[in-house]
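Examining the three-dimensional arrangement
Given next are the chains, with one letter for each unit.
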Amino acid sequence: MSFLQKFLDKKKITIQCHNNPDSDTLASGYCLYRFFSEKGIETELIYGGKNEIKRYDVRYMVENCEIPLRHAVGPLQTELLLVVDGQYGQGNVERFQATEVAMIDHHIRVTPESPNSLIKSEYQSCSTIVWEL
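Nothing here was measured: the structure is a model prediction, and the numbers come from that model.

Another aspect to go through is the overall build of the protein chain. For the protein chain, the count of helices and strands is three helices and six strands. Element order for the protein chain, N to C, with α for helix and β for strand: β-α-β-α-β-β-β-β-α. What you see for the protein chain is a C-alpha radius of gyration of 14 Å, in line with the 14 Å of a compact globule of 133 residues. In terms of overall dimensions, the protein chain has a C-alpha envelope of 40 × 30 × 30 Å along the principal axes. Sequence-distant contacts in the protein chain: of pairs separated by 6 or more residues, those separated by 24 or more amount to 55%. For the protein chain, the accessible surface area stands at approximately 7,200 Å², while carbon and sulfur atoms represent 50% of it. Each charge class in the protein chain can be summarised by its mean position, and for the 14 positive and 18 negative side chains these summaries are 3 Å apart.

Have a look at this one:
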């Protein structure tokens, strides 16, 4: 069973990009959003942090690619929270409460190894990992 297949029994999945999103986290998150949505799973794409997106290139990508990204504040109602291009424990990823948390990332591991974490720090981008999944 692949890393993503084990989550196909979920009814609602929230994909979390890191705070102050960039193109890698958006590409990774949107790809996963499409994957799970096309499987009939209620899926949403969010980012946390105090600030709305300010970077022009990122706002352009969100608007022109029609990426359904939402700035989340407060508690979430989700069965699985899937963090992309970041890990809990890093300063740029706001921690939300969820029944189950999973992570896909390409940065140096800062969280303990677990079946719900796919951390490949030898990769240059998270979107490459997601593409291979």
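Our focus in this paragraph is the pattern of salt bridges. If you walk through the whole model with that rule in mind, you get seven salt bridges. One salt bridge connects lysine 10 with glutamate 100, and the closest N-O pair in it is separated by 2.6 Å. Taken together, the residues lysine 10 in the segment before β1 (12-17) and glutamate 100 in strand β5 (residues 100-105) connect sequence positions 90 residues apart. Salt-bridge contacts for glutamate 44 lead to lysine 12; the nearest nitrogen and oxygen are separated by 3.7 Å. Separated by 32 residues along the polypeptide, glutamate 44 in strand β2 (residues 42-47) and lysine 12 in strand β1 bring together distant segments of the chain. For the residue pair glutamate 44 and lysine 12, the accessibility class agrees, reading buried in each case. A single salt-bridge network, built from bridges that share partners, covers Lys12, Glu42, Glu44 and Arg70.

The rules behind the values
- Residues numbered from 1 in each chain as written.
- Predicted model: local features only at pLDDT ≥ 70, side-chain atom pairs only at ≥ 80, totals over all residues.
- Heavy atoms only, no water.
- Helix = DSSP H or I, 4+ residues; strand = E, 2+ residues; numbered from the N terminus.
- Rg over C-alpha atoms; globule rule 2.2 N^0.38 Å.
- Contact = heavy atoms within 4.5 Å.
- Areas by Shrake-Rupley, 256 points an atom, 1.4 Å probe, with all protein chains shown as cover.
- Lys, Arg positive; Asp, Glu negative; His and termini not counted.
- Charge placed at Lys NZ, Arg CZ, Asp CG, Glu CD.
- Salt bridge = Lys/Arg side-chain N within 4 Å of Asp/Glu carboxyl O.
- Buried < 20%, exposed > 50% of the residue type's maximum accessible area, 1.4 Å probe, protein only.

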